[in-house]
Structure formats: C-alpha cells, structure tokens
Amino acid sequence: MNAIDAGRNELARLGLHPGARHPNVVDSTPVRDEDSTIFYDYWTFNNPTVIKTGKNGRPLEATIYTSATDGEEQAIPIVGEAACQEYVRQAIAWRSEDADLIRQDTAHEQIMMHIAELAADNPPLAAWVIEHTPTVDVDTENLTLTLFDLYDDPLINLHTSTIAGGGWAKLPEQALDNLDNIITSLEFSRLPYMVGMPRESLAEFLTTLSDGLDKAHYDALHAPGVPTLTEAIKAANRAQSIVEAGRQQLARLGFAAPKPEDIRHPPELLDDGKVLFSDYQCFDSFAHIVTDASGRVVEVYAGEPPMVIDDNWEAELTGEIACQEFLRYAAEWDSDASRNERHHAIHQGISEFIREQVKRDSSLEAWARSTDPHLNECTVNTISITFHDKEGQNLLDVIQSPYVDDFICQEAAAFDRVGVEPESVATFITNFSNQLARIHSRAIRGDKWETFSIVYEAARAAQDTAAHVAQRSSIPPEMLGRSTPHIGKQAVPTTPMRWAPSPTIHQAEGRSL
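As the structure is a prediction and not an experimental result, all values here were calculated from the model. (Residues numbered from 1 in each chain as written. Predicted model: local features only at pLDDT ≥ 70, side-chain atom pairs only at ≥ 80, totals over all residues. Heavy atoms only, no water.)

On to the pattern of salt bridges, then. What the rule picks out here adds up to 18 salt bridges. Ionic pairing is found between glutamate 81 and arginine 58, a salt bridge with its closest N-O pair at 2.6 Å. Note that glutamate 81 is positioned in helix α2 (residues 81-94) and arginine 58 in the loop between β3 (47-53) and β4 (59-67), a separation of 23 residues in sequence. The pair glutamate 81 / arginine 58 is uniform in exposure class, with both members buried. Two residues, glutamate 86 and arginine 89, come together in a salt bridge whose shortest N-O distance is 2.7 Å. One end of the pair, glutamate 86, and the other, arginine 89, are both in helix α2, 3 residues apart, so they sit about a helical turn from each other. With a relative accessible area of 7%, glutamate 86 lands in the buried category. Salt bridges linked by common partners bring Asp272, Lys274 and Glu299 together as one network. (Salt bridge = Lys/Arg side-chain N within 4 Å of Asp/Glu carboxyl O. Helix = DSSP H or I, 4+ residues; strand = E, 2+ residues; numbered from the N terminus. Buried < 20%, exposed > 50% of the residue type's maximum accessible area, 1.4 Å probe, protein only.)

Another point: the sheet that holds strand β13 (residues 285-291). If you trace the 5 strands from one edge of the open sheet to the other, you get β11-β12-β13-β14-β15, paired in antiparallel fashion. Both edges of this open sheet fall to β11 (268-269) and β15 (315-318), since each of them pairs with a single strand only. Against the sheet, helix α9 (residues 229-252) touches β11, β12 (275-282), β13 and β14 (297-302), its axis set at about 30° to β12. (Pairing = 2+ DSSP bridges. Contact = heavy atoms within 4.5 Å. Axes fitted to C-alpha atoms, helices over the stretch in contact; angles between N-to-C directions.)

Next up on the list: the confidence of the model for the chain. Keep in mind that low pLDDT regions are not for reading the predicted coordinates in detail. The predicted model of the chain averages 83 in pLDDT, with 88% of residues at 70 or higher. A low-confidence stretch, residues 478-513 (pLDDT under 50), is modelled with 41 contacts involving residues beyond four sequence positions or located in other chains. (pLDDT = per-residue confidence, 0-100.)

The subject of this paragraph is helix α4 (residues 123-130). In an α-helix, one turn spans 3.6 residues; hence positions three or four apart end up facing the same way. Where α4 is concerned, the buried positions are Leu125, Trp128 and Val129. Looking straight down α4, one finds that the buried residues subtend no more than 85° of arc, so they occupy a single side. The inward-facing, buried residues of α4 contact α3 (97-119), β7 (142-148), β8 (154-161), α6 (191-195) and α7 (199-211). (Arc of directions from axis to C-beta.)

This part covers the pairing of strand β5 (residues 73-79). The side chains of a regular strand alternate between both faces of the sheet. Note that β4 and β5 share 7 bridges and pair antiparallel. Bridge pairing in β5 links threonine 66 to glutamine 74.

With that out of the way, let us pick up the sheet that holds β7. If you trace the 5 strands from one edge of the open sheet to the other, you get β6-β7-β8-β9-β10, paired in antiparallel fashion. Edge strands, defined here as strands with exactly one partner in the open sheet, are β6 (135-138) and β10 (177-178). Taken together, the 4 bridges between β6 and β7 define a ladder with antiparallel strand orientation. Bridge pairing in β7 links valine 138 to leucine 143.

Throughout the structure, instances matching the rule amount to 16 aromatic pairs. Geometrically, the ring pair formed by phenylalanine 255 and tyrosine 280 is edge-to-face, given 6.1 Å between the ring centres and 90° between the ring planes. You can see phenylalanine 255 sitting in the loop between α9 and β11 and its partner tyrosine 280 sitting in strand β12, a full 25 residues away along the chain. The exposure classification of phenylalanine 255 matches that of tyrosine 280, with both residues buried. (Phe/Tyr/Trp six-rings, centres within 6.5 Å; stacked < 30°, edge-to-face > 60°.)

With respect to the helices and strands, threonine 379 occurs in the loop between β16 (374-378) and β17 (383-388). Overall, the relative accessible area of 16% leaves threonine 379 in the buried class. Once residues within four sequence positions are removed from consideration, threonine 379 is found in contact with Asp284, His440 and Ile444.

A few words on α9. Under the 1.5 Å per step criterion, the end-to-end length of α9 is 35 Å for 24 residues, consistent within 8% with the ideal 34 Å. Positive backbone phi, at 105°, marks glycine 254, one or two positions downstream of α9. (Expected span 1.5 Å × (residues − 1).)

What follows deals with the nonpolar core. Formed by 59 residues in total, the largest nonpolar core has its most connected members in Cys282, Phe283, Ile289, Phe326 and Leu327. Formed by 33 residues, the second largest nonpolar core is a distinct cluster that contains Leu143, Leu155, Ile182 and Phe205. (Core = buried A, V, L, I, M, F, W, Y, C linked by side-chain atoms within 4.5 Å.)

What follows covers the environment of proline 48. Secondary-structure assignment places proline 48 in strand β3. Here the alpha-carbon distance between proline 48 and isoleucine 64, two residues 16 residues apart in the chain, equals 6.1 Å.

Time to look at the pairing of β13. Here β12 pairs with β13 via 6 bridges, running antiparallel. In the strand pairing of β13, leucine 276 is matched with valine 290. The hairpin turn running from β12 into β13, its antiparallel successor, is 2 residues long, and phenylalanine 283 in that turn takes a positive phi close to 55°. Bridging between β13 and β14 involves 4 bridges; their strand directions are antiparallel. Note that in β14 the partner of histidine 288 across the bridge is tyrosine 301.

A few words on the packing of α3 against α7. The relative placement of two packed helices is expressed as an angle between their axes plus a distance between the axes. Interhelical geometry of α3 versus α7 gives an angle of 145° and a closest axis separation of 11 Å. Once α3 is placed against α7, the crossing between them reads as right-handed. On the side of α3, the interface is formed by Ile111, His114, Ile115 and Leu118, while α7 contributes Phe205, Thr208 and Leu209. When its residues are assigned to classes, the contact of α3 with α7 shows 5 nonpolar, 2 polar and no charged. (Left-handed = near helix turned anticlockwise from the far one by under 90°. Nonpolar A, V, L, I, M, F, W, Y, C, P; charged D, E, K, R; others polar.)

The structure is reproduced here in structure tokens:
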C-alpha cells in the first residue's frame, strides 16, 4: 500500500472522507514527499482543511482555512498526531446524527418561541401557525422553515445559509428567491387567503420571522453538546499537551518515545481526560499505561494480557507511586547493562553445559571447540539459540517458549560433517533442551528476582514500596526529625533522623541497596 492509500484509509477509518476541491486550489491531487503526504480535498466544520499524513497514514498536521473577524482568510494550524486525532474526532462528532438532533431541537424550539411571541397579540396568526405547526430542517450549512396553510399544504419555505446568508424564500414549485421579491410578486397574492390573514400582516410576519432565522441557525450550530470549530481547536491543543506531558513523564522514567513509524496504536484520549498509551513495552511485552492530565502515571497493565490469565493482566497497578516504581523496574530490565548481563549469563550457562557434555562424550570435543552458539532472542518468555559448525553454517536451532512445544530444527548431514555420531547428537539435543530452560531461568532472574515470574514480582515489589511510603506518610512529623520540640519557651534543636529501609525489606522486594 502506498502512502496516499494509507492516508486515505486512515482518514476514512477516522470518519473523514474527501469532498469538493478547495476554492483556492487549482489541483487537488495529493502531494507526496519522502516522509509525508498532503491532501487538499478535505473539509471540516464547513472549512477547507489541508491534512498532512505520515508514512503510516496517520494525520500529523491539519490546517483549517476560515474567515477571520475582519473578513480576511486565516489559516489555523493543528500540529501533532494526538491533536489531529482529537480534532478529526470533534469534526466527525459535529456531523453526527446526535449533533443533528440537538441542532434540530434547538432551532425548532427557538423558532416556535419567536412565533408564539409574534402571535401573542394576533389571534388570526395564532389560529393559523400554532394549529398548523411549521417544520424546521437544519444542518451544518442550511436552515429551512416550512410553513403550512389552513389545509396543511406547504405554503412557503424561509431559508438561511452560512454561505449565502438569510432573507431567502421559496414558494411551492418555484425557484429560490429573495423574500422581498416574492412578497411583491403576483404569486404571493393568493397566500393571505390560504391562511386567513391580511396581506400586510402576513408580509410583516414572514419578514420578521425570516430576519430571526440567522440567529436561530447560529444558536443551533453552537448549542450545548455540539462541537464548534473553536472548541475543537482548543480540545485538539489540549489533547496534544496532555499526551506530551505523559510522554515526557515516561521519558523521565526511562522509556524513550517510540518512532512514529513504530507506533501500532496512537495514544487514546479517554473520556475522563486521561491518556492510554499502548505502544510501550514492559518486560518484553506491550503494556497499557495510563497518565493523567498532568502526565503522572496512574495506571499500569502489564505482562500476560486478559484472556490468557483469568481475564486479567498479569500485573495491574494503580496509584502514582506503585506505577512509577514498577516502570522503574521495567526500564532497568530493558537497559543495555541489564540485557548484557542476561546475555552473558546465557553464554556462560551454555559454555558450562557444553563442557559437561564433552566430559561425558569426547566425540563432541572437536565440534565444541569450533562452535559459537548465537543468541537470537532472549525475552522473559522466549529464548532462541543457534549452533554453527566451524564454517559458520547453521547446525542446530533451538527455540523454547511457554506457548509452544520446544522446536528443534537440525540438518543431520551437518553433524556428519563435524564428525559427531547420530546417537551423540540425539543425546546432546535432549540434554540441551532440558537444560536450556534452567539456563534461561537463571539469566532472567539474575541476582534480583526470586522466581521466574518477574512481572508479578516487580508488581508486588512496587505495591510494597507504595505501601511503605503510605505508612511512612502517616508517621507524625516529629518522629521523622522534621520538627523542633519545645520545652517551655526554649526551642531545643534536634538533628533530623535519616530514614532508610532495612536491607531485609529490599531483599524481600528483589532489590539491593
């Protein structure tokens, strides 16, 4: 799929579809460069909107062209993926059926209130209009009020538009025209008899009612619950700042922001103003991390996802302290130093295993001296090792994972080349398959964790730390050396005590001082 199709598909998934060519654009063909695509045929809030998408098709920038207060055209930029996502969401909500219903109810209620005011001192008008209720048709661009005669047949349409303005009307089977022209026309002469009113009274009523349609339409477009362009821009900028605050906090905790092309799911702005990040890994698995409006981490869901372990995540944490502590463990696990330690432990374990096998079967000695086991993958749950012959060709692949049985791929002829008997090969493979799980477990646990379930252990340690902090915060300040006791009127200075957890606590949590 090319970049243009990716952008079209993503915008369509969000609910945005191309429309008419922009007024000031001669050619609306999308423009591509190395990293992005620019589209010139989208409209939001009835305004031409230029949208820039990235390689993955997700919107990165949007520019809305609208009229300023002085009548001149102005360009309003929306920058950032989160901002664009929120802006598009607001624009789609603006065109939704729910928004149409709110606009319809608001316009109808206001127009009927205006009619009731005009009919208060005019019995013929009250008898006509109130008994033969008008209908209102309103959308994001137009408002049309249809009045009926005494026989409930359409009498006249009064029309206003955000593009053409107000003062328009239409008689049945006639073209749309200026209301003043219609009132002075011959066709208008029959209308007063159809509603039982004098011509002058009907003309005055229609003119007054038409003059109020602009306000009714404006109020409908800005009714509570209906997004406006101004509100959408504010919401977009707010969404981007909230997401950036979360990204910055996660960066401080040791999690680098993923590259745009590596993001599977963009941050999701939740209904309560929080942000859900699902593109970060904790202990080699994608986690769900929730930050609040200020960027603080308040929820973490990590490890085995639901439907694998009792419909719950392996680790579910709430509270800023517990979440930060857990993420600190995860960031440390993913550090280069920690990864090098694991790889070193695995290579050391494999070397020790091979030496033991050589002691038991000397026919393996020549191959053992030339082989260089290669660690393909080492995660919390999976390990993959490849053995080579002295020419560097693959000899044996071993993969172990809790989700599948051990998978071993070998070339029998290759072992013949290195001078190892089939019986010795079979014994080596069986022993290594059994020993690899122990090697992997020791490397994963290191000297920090007590069990192989390090995600659960890290969550428990984080919760314990949060509990200790909560318990400590409940200790009176004077017991923490934060106050100066008084004897009579004389202040007795004291040396603040420096509190530190005992090594026993840290050892229980799998940490070291």
